[in-house]
Structure formats: structure tokens, C-alpha cells
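Structural description and commentary
The lines below spell out each chain.
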Amino acid sequence: MKKLLTAALIAILTTSVCVAQQLKSPDEFLGYELGTRFTPHYKVVDYYQYVAGEMSNVKTHQYGQTNELRPLIANLISSQENIDNWDQIRTDNLKRIGLMEGDPVGGKIGIVWLSYNVHGNEANSTETAMKTLYELARPGNSKAQNWLKNTVVIMDPCINPDGRDRYSNWINQVAGTTPNPSRDAVEHREPWPGGRANHYLFDLNRDWAWQKQVESQQRMKLYNMVMPHIHVDFHEQGSNSPYYFAPAAEPVHEQVTQWQRDLQEMIGRNHAKYFDENGWLFFTKESFDILYPSYGDSYPMYNGAIGMTYEQASSDLAILTDEGDTLTLKDAIAHHYTTGMSTIEVASVNSEKMVDEFTAYFNTAVNSPKAKYKTYVIRGTNHPDRLSQLKDFLDRHHIQYGTGSTRKAVSAFDFQSGETKNMTIQNGDIVISAYQPKAVLVQAFFEPNTYTSTSATYDITAWSTPYMLGLNAFATEVKVDVNPAEIVIPGAEMILNNSTPPAYLAKWETLEDAKFLAELLKHNIKLRYAVEKFNVAGREFNPGTLIITRKGNRQMKGQFDEIVRKTAVKFNRSLYSTPTTFVDAGKDFGSNNVPFIQKPKILALRGDGVSSLGFGEFWYFMEQELNYPITMVDTDAFGSIDLDNYNVIVMPSGSYGRMLNDSRMNSLKSWIRSGGRVVALESAINTFAGKDGFQLKRRAEDSKPAKKTDEEKEKDALTSYADRGSKFDDYRLPGAIFKLKVDNTHPLGFGYSDQYFTLKRNTSRLAYLPNGWNVGIIEGEASHVAGVAGAKVKEDLAKSMVFGVENMGRGAIVYFADNPLFRAFWENGKMFMANSLFMVGQ
């Protein structure tokens, strides 16, 4: 028996040695040394799959694919016992925090999630991901094997494969056999649009909460199935910056717990130990805060984890720093590798405590949430499309909701009026309680105004869901019990009294109506729209109502009714038939005041000078939301384009001075006068402000606030150097919500009430158009609703235009000082864009 046991032990040891000898390092597998070039994404996937194929304690999971069909993968690595019991470990974790029914049955195993390369041109981290996987999997690495006994590590080697390959393919093409560290070299001058963003040029590190992009949607399904205890997001920053790691900078959201802060501190000190040993510089507690909920560090923090950003100076292959040192890709890999392994080390040492604190975080959320507001009430009278958007949003984040259990009046904050008043929950209202596992996320998403300990923030400071979705909603400090009843949202109604009516009518209220219109136009259905209210067949219809007459569509013959009705069903639109085009009140359908909708032929500008993110937002809106065709044209090619082939030009935020010389500007004005429309967003409006032939002007000097008094000047002059940052507090506007007064009788305002909450990220002070249409304006300083906005900013923006239309001949220019498509998440702004394309200038 002893001989048999000895033989078995020798066999096991021999097998382990063979595996250790057989497992190829990244250098051996790829055929070149890590850090000498950037690895194509497919080879990274090959290596991750190779390691999983060689090691039974490593598993590869493909959780999705990108727009360009590259696979999205994550590897799971731990001890063999943990891998064999992974599903139990995962479900035990969810049971402990109340996201799955039942009691945990296994031990307390920590879960660490490492995410690499969310910004495609911050590409060194994916190289690091291969080195880190190898060292964790290598049996000879005794420290790593010991950590994995009580820790499961999830590694996503590349969150953004499309952006990474855009960058890596470019730099591998232009870099010489020997990297050139000179900043003048072409390998340090990435062409437009750069590799940072994904296929649709979205910044995926701003999409964790909104999940507009397929990469985020698929990744977050997996994330919520796991709910890790630590999440690390690997990044790059300016090439002259030392390495950054947590603890995070202020402002840190008030709901972040002391334990979350403490573990960040412990991990940071462990990193510092290794960095000090190697003589590497670093910094902490600066720049990178925990506030905006859609980052790879903040979103995990609001879900109970320890979320952290690690920032390595960008090197490309090699770059000369201002200190005269040459920073190489190999250096960058070494730094990211060190913090990754150090994170796992600290997690392992504190594994049981980490699990206990994670559990306590959710127990507190369920039993005694710390948020000011205990219940949010969303009126069931909101438009069904908006309620559907809300339900999708809540379900995506596993936020619980239902109906209210009381009909007693409670004091509540009214999001629309900004006032506190008595409110009674009604039948059909959606009620969201803070007493639930995702309580902190509820507060982060819904609180009317997010507290910030400092005005110096890294990103926007306001995003409250009722403003984002345009909802009538209330927040109360009273706890209201919620019945987890199924919320039934009213569906579309078909009021069709005739199989072949003279006209069909469809309301114009939300983006779903615009999608319906876009589909009809693609089928060459001819439509009109109402400029004024009208009554027909006992019903009242608002401005913007789509009027689909049989007259003008006779060429469709029998297909006309079929296409209209099937399209209405496809988009769940209410459709009304009318027995006559003779209205009871308002304009008859044949009136010249019921304009025909010309099919938009849209040219969208991209390329040098154009914000790649701004262009991407419009591209995504048209292709993935409206599903309506556009022609994308580079600014360098604009002069060779025959504009008569188009009737709409969209200019995303950017600088167009180089594209529009005097001759081309005159040609553009002539095209507009002949019936063309220009839609200019954010900084693109500078192309026209103050220019000959255009009404758009900056606020006149005499309307600017009074100059500083001598006392104010003296106070500024004597500000201490230590307080230098405070000198800018009055002028900060990182992203705040302002209330606009809306002229909803103008086609640009169709579908809106007389107010709209805009997400303002710039201080453009536009004067009212003297002979144009000031559709969205900031009336005064009190128009500021939420978020950081300095006193001087609020003062300066008072009495300024935000959305406007300038008529020129038979055409028009639409001015958007704020971008209603920002990051695709500000849902309530999208009808402004639809109106600018389909309604304005008809």
C-alpha cells in the first residue's frame, strides 16, 4: 500500500513539474518579448485560451462580442478546488448579499476582478494581462498559488478590443524596428479618431452605469452574476506623470464606507512598498475621485466592492519624458504587473474580512440605508415609453421596485417643480425603496442633488434619473413599504375605423415616435405634420402629430395600409384613422400650414477638427437608435462634396475654421438659403457666432455682469498659494443640470412641455437671436437645478440661449449649445435632435 501511495505521489509531482515546464510564457507563445511591440487582440485571446487549455484551474469564458465581431473574454483562475466549486462560490456570494434566495453553504472566498484596456490606446495593460495570467497560472509561483487558495481572480484582458486594434495596428505600422522616443516621431502622433474609444467612438469608461454600448451591456450581465469584492481598472495617463493608485481623491461619495476607504489604503500601502523597493515614483489621493457613477472604480464602489483606478504613464513603445528619462513599454508592463499582483496579495490576506464587510454593506442597505431619501415615487401617468425606459434601467442594475402600500399623503420633493410638497401615491405609480440590496446605487442614480466635498471634480456632477428620463417623480424621506407587484405599462392603441381611411394619425411625443417616422420614410411613405393643435373625429392632437394621408401615397397602392399598420405594430405606436381630412378645429390636412416632411438626406461631418466622441454620439444615435441612414464625410473632403445631394448637414462639436474658408462659407450660406439645414452642436456653433451673415452672437458686453469691485480684486490678489484652487470655484462647471424654458410651439420643441432639464457642460453665453427662434433659454440664476456650478457661471448664463433656430432664406441653422446626445444616456434630450432632423425647416 505504501508503495502504491508513493508511486501516486511521484506521479502527481512529476505531472506538476511537466505542466510547469510545458506552460509557455507570453514571450514563448507569441514569439517575441513582451514590450517590444503591441500584440493584436486575436493573439491575446489565443494566449488566454491556450493557458486555460493547459491548466485545469484556469477557465475561459466568452461573454460577448464587439460591434466589429471581436470576442469579449474573461479568464477565471484560482486553486483547483475553487475552480471546481466556482458556481457554488458565486451563488454563495449572491446569497450573502440578498441578490439570490437561500443560504450560503461554502466557505468565504474573495473575488478579485481585473479589467484591462478599457481605453483602446492605453494599450500596455493588455500586454500586462498576459504576463499576470502567466504568473498566476505558473505552478512554480508559490506565492501566487498560495493567494489563490482563498481568492478567485477574474481577468478581462481587453474591455475594448475594437479600439485597441485600431491603435495597435496603427502603431505597429508606423513604428520603426527601433522605437523612437522623440515626441516628434509619428508613432507618438495618433491620427483621428484615435484608439481610445470603441467602434462607435464611445468612451467605455463612462458607460458602466448607462450601458449604451454592447461591450458594457454584455460585461455588466456577467458582473452582476458575480458581484466581485474588488475591481481594478487599468489605465494610462500623461507620459510625464508618475504612477497613480488608490486611495482615491476627493470628492468621494458620502455613501462610500470606512471599510472601503480602509482597504483602498491597505492596498495602496502595499503597492507603495514594492514601488519604493524599485525606486518607482507614484502618487495617491489626487485627480481621480469617486463620484460620477459610471466609471470602472465608482460603479463597483456603489455596488459594495473596492473599486480602483490604476494609471500608468503612457509610453507607446518608448518616449522621452520631460525629466530626460526614456519610459518604455516594458517599464509600463512592470508597473501594472506589480499593482495587479499586489492587489491580489492584499485581497488574499484579507479575504475573510473582505467577504464579511461586503456582506455587512448589503445588510446595512436592506435594514438601515443611510440615504436622506427613503422612497422614490415615479408617477404611473408618465408616458409609457418613459416608464419602459425606467423599467429597463432598473432591471439592468437589479434594482427592486413595485407598487406602494399606502395612500396617505407624505411630504416629498417634486423633481419637476423643485419644491417640497405633500404627495399621495396613486395606482400605477412605480415605487422604489431605499431598503434593498442596491440601496446605495439607488441613491447614486436618483438623489436630486449629489453632495460633493469639493467643486474640483473629474467629471460631471449631476445625472439624476428623473431628469435624465424626463419623469414626473418624487423623493420622500418617509419609508414606504413596497409590494413587489408586476408593473403593467399601457400598450399602444389602434383606433382604426376604416380599412382604407383617408389618413392615419400618430402622436409625436417620444423617440419611439421618431423611430416610427424614420421607418416610414425608409419605405418612401409620404407624411405631413401638424404645426398647431387640431381636433378631428372627437380627438385632440398636439403639434408635431404625424399625418399620413392616402393622397400622395397612391403609388404605394395596397402596400400603403399594410406598411403603415405593420410599422405601427413594430414600434408599438398608437395609430388612429380618421374618416375625413376636414378637421373640427385647427388646420385641414391639405393646408399649407400642414407641412410636407421632406425626407432628410443627412451629411454628418467627421475627421480632423471634429470631436471624435461628439461624432460618435451622433453616429450611434442615427445607426443604433433611429436606424436612419447618414453619409459620413471627412472634413478634408468637404470641399469636393456636391451639397445639392443633401438637405441636412450635421456638425458635431469641433473646430471647422480650416474646413470652411471664405469661399466654402459663402457656398454653405448659399446652400442654406436654398433650403438646406445645418445642425451645429456645442463648439461647432463657434463657426457661426459673430460671423458675417449670421445672427448668432455672444452675449453683448453691456449684458455681462458688473466688473469686480476693488475689494473683490484685492481679495483675489491676496489669495494664498495654498488656496489657489479656490480662486476658480466661482467659475467651475464640470457638468450640472439647468432648467430651460422651452418654446414647445416651435418645431424644435415639439413633444416637450414648457420646460426641459439640460445637462450643461460648457459656459457658452449666447445672446437671444433677435430675429430667430429662442427655443430653449436659461431665464436666470435660479435655473440651476443640481450639480457643481460656480456663482459666476450661474450669473453669466442667466438670460442666455441654449437651443435656437436661425432662419436663412428657405433654410435654417439649428444651434445646440448643449449636446442632447451626450454619452447617449440623457434620454430626454433626444427628441430635440429628432426634431432638428425631421421637423425644423420643413
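As the structure is a prediction and not an experimental result, all values here were calculated from the model.

The rules behind each value
- Residues numbered from 1 in each chain as written.
- Predicted model: local features only at pLDDT ≥ 70, side-chain atom pairs only at ≥ 80, totals over all residues.
- Heavy atoms only, no water.
- Helix = DSSP H or I, 4+ residues; strand = E, 2+ residues; numbered from the N terminus.
- Buried < 20%, exposed > 50% of the residue type's maximum accessible area, 1.4 Å probe, protein only.
- Contact = heavy atoms within 4.5 Å.
- Areas by Shrake-Rupley, 256 points an atom, 1.4 Å probe, with all protein chains shown as cover.
- Lys, Arg positive; Asp, Glu negative; His and termini not counted.
- Charge placed at Lys NZ, Arg CZ, Asp CG, Glu CD.
- Pairing = 2+ DSSP bridges.
- Axes fitted to C-alpha atoms, helices over the stretch in contact; angles between N-to-C directions.
- pLDDT = per-residue confidence, 0-100.
- Parallel < 35°, antiparallel > 145°, perpendicular 65-115°, else oblique.
- Nonpolar A, V, L, I, M, F, W, Y, C, P; charged D, E, K, R; others polar.
- Phe/Tyr/Trp six-rings, centres within 6.5 Å; stacked < 30°, edge-to-face > 60°.
- Lys NZ or Arg CZ within 6 Å of the ring centre and 35° of its normal.
- Expected span 1.5 Å × (residues − 1).
- Salt bridge = Lys/Arg side-chain N within 4 Å of Asp/Glu carboxyl O.

1. Looking at the overall build of the protein chain
Along the backbone of the protein chain there are 23 helices and 36 strands. C-alpha atoms of the protein chain, sized along the principal axes, occupy 100 × 70 × 65 Å. Taken across its 842 residues, the protein chain has 57% of its residues classed as buried. Considering only residue pairs separated by 6 or more positions, the protein chain has 78% of its internal contacts joining residues 24 or more positions apart. Of the roughly 33,900 Å² of accessible surface on the protein chain, 48% is carried by carbon and sulfur atoms. Taken together, the 89 basic and 97 acidic charged side chains of the protein chain have centroids lying 5 Å from each other.

2. Focus: the sheet that holds strand β16 (residues 420-424)
Pairing in this open sheet of five strands is antiparallel, and the strands run β16-β15-β18-β13-β17 from one edge to the other. The outermost strands of the open sheet, each flanked by one partner alone, are β16 and β17 (430-433). Put simply, the sheet's adjacent strands are angled 35 degrees from each other on average, direction ignored. The pairing of strand β13 (residues 375-378) with β17 spans four bridges and is classified as antiparallel. Looking at the pairing, V377 lines up with V431 of β17. Together, β13 and β17 form the strand contacts of helix α14 (residues 384-396), whose direction differs from that of β17 by roughly 30 degrees. Lying over the sheet, helix α15 (residues 439-446) contacts β13 and β17, oriented at roughly 55 degrees with respect to β13.

3. A look at the pairing of strand β33 (residues 773-778)
Strand direction decides the pairing type here: strand β31 (residues 736-742) and β33, joined by two bridges, are antiparallel. Following the sheet pairing, V742 is matched in β33 by G776. In this structure, β33 lies alongside strand β35 (residues 800-808), joined through five bridges in antiparallel fashion. Within the sheet, the bridge partner assigned to G776 lies in β35 and is F803.

4. Here we look at the confidence of the model for the protein chain
On average, residues of the protein chain carry a pLDDT of 94, and 95% of them reach 70 or more. Predicted confidence for residues 1-20 stays below pLDDT 50, and this span has four contacts to residues more than four positions away or in other chains.

5. Quick notes on the packing of helix α5 (residues 86-96) against helix α9 (residues 214-226)
It is the contact of α5 with α9, at a shortest axis distance of 8 Å, that shows an interaxial angle of 80 degrees. As summarised for this structure, α5 and α9 are arranged roughly perpendicular, according to the angle between their axes. On α9, the residues that touch W86, R90, N93 and L94 of α5 are N224, M225 and V226. In terms of residue class, the contact of α5 with α9 is made up of four nonpolar, two polar and one charged.

6. A short note on the packing of aromatic side chains
Two descriptors summarise a pair of aromatic rings, namely the distance from one centre to the other and the angle between the planes of the rings. Summed over the entire model, instances satisfying the criterion amount to 56 aromatic pairs. Ring geometry for F534 versus F589: centroids 5.6 Å apart, planes at 80 degrees, classification edge-to-face. Residue F534 is found in strand β23 (residues 534-536), and its partner F589 is found in the loop between β26 (575-578) and β27 (602-606); the two are separated by 55 residues along the sequence. Here the basic side chain of R37 rests over the ring of Y32, its NZ or CZ set 5.8 Å away from the ring centre. Sitting over the face of the ring of Y337, K131 holds its NZ or CZ atom 4.7 Å from the ring centroid.

7. Some remarks on α14
For α14, with 13 residues, the first-to-last C-alpha span of 18 Å sits near the 18 Å given by 1.5 Å per residue. When α14 is considered as a whole, its buried residues turn out to be D385, R386, L387, L390, K391, F393 and L394.

8. Some words on the pattern of salt bridges
Counted by the stated rule, this structure contains 37 salt bridges. Of the charged contacts in the structure, one is a salt bridge between E135 and R138, with a shortest N-O distance of 2.7 Å. A relative accessible area of 12% means that E135 is categorised as buried. The partner of R573 in a salt bridge is D513, with the nearest N and O atoms 2.9 Å apart. Here R573, found in the loop between α18 (559-570) and β26, pairs with D513, found in helix α17 (residues 511-522); they are 60 residues apart in sequence, far enough to count as distant.

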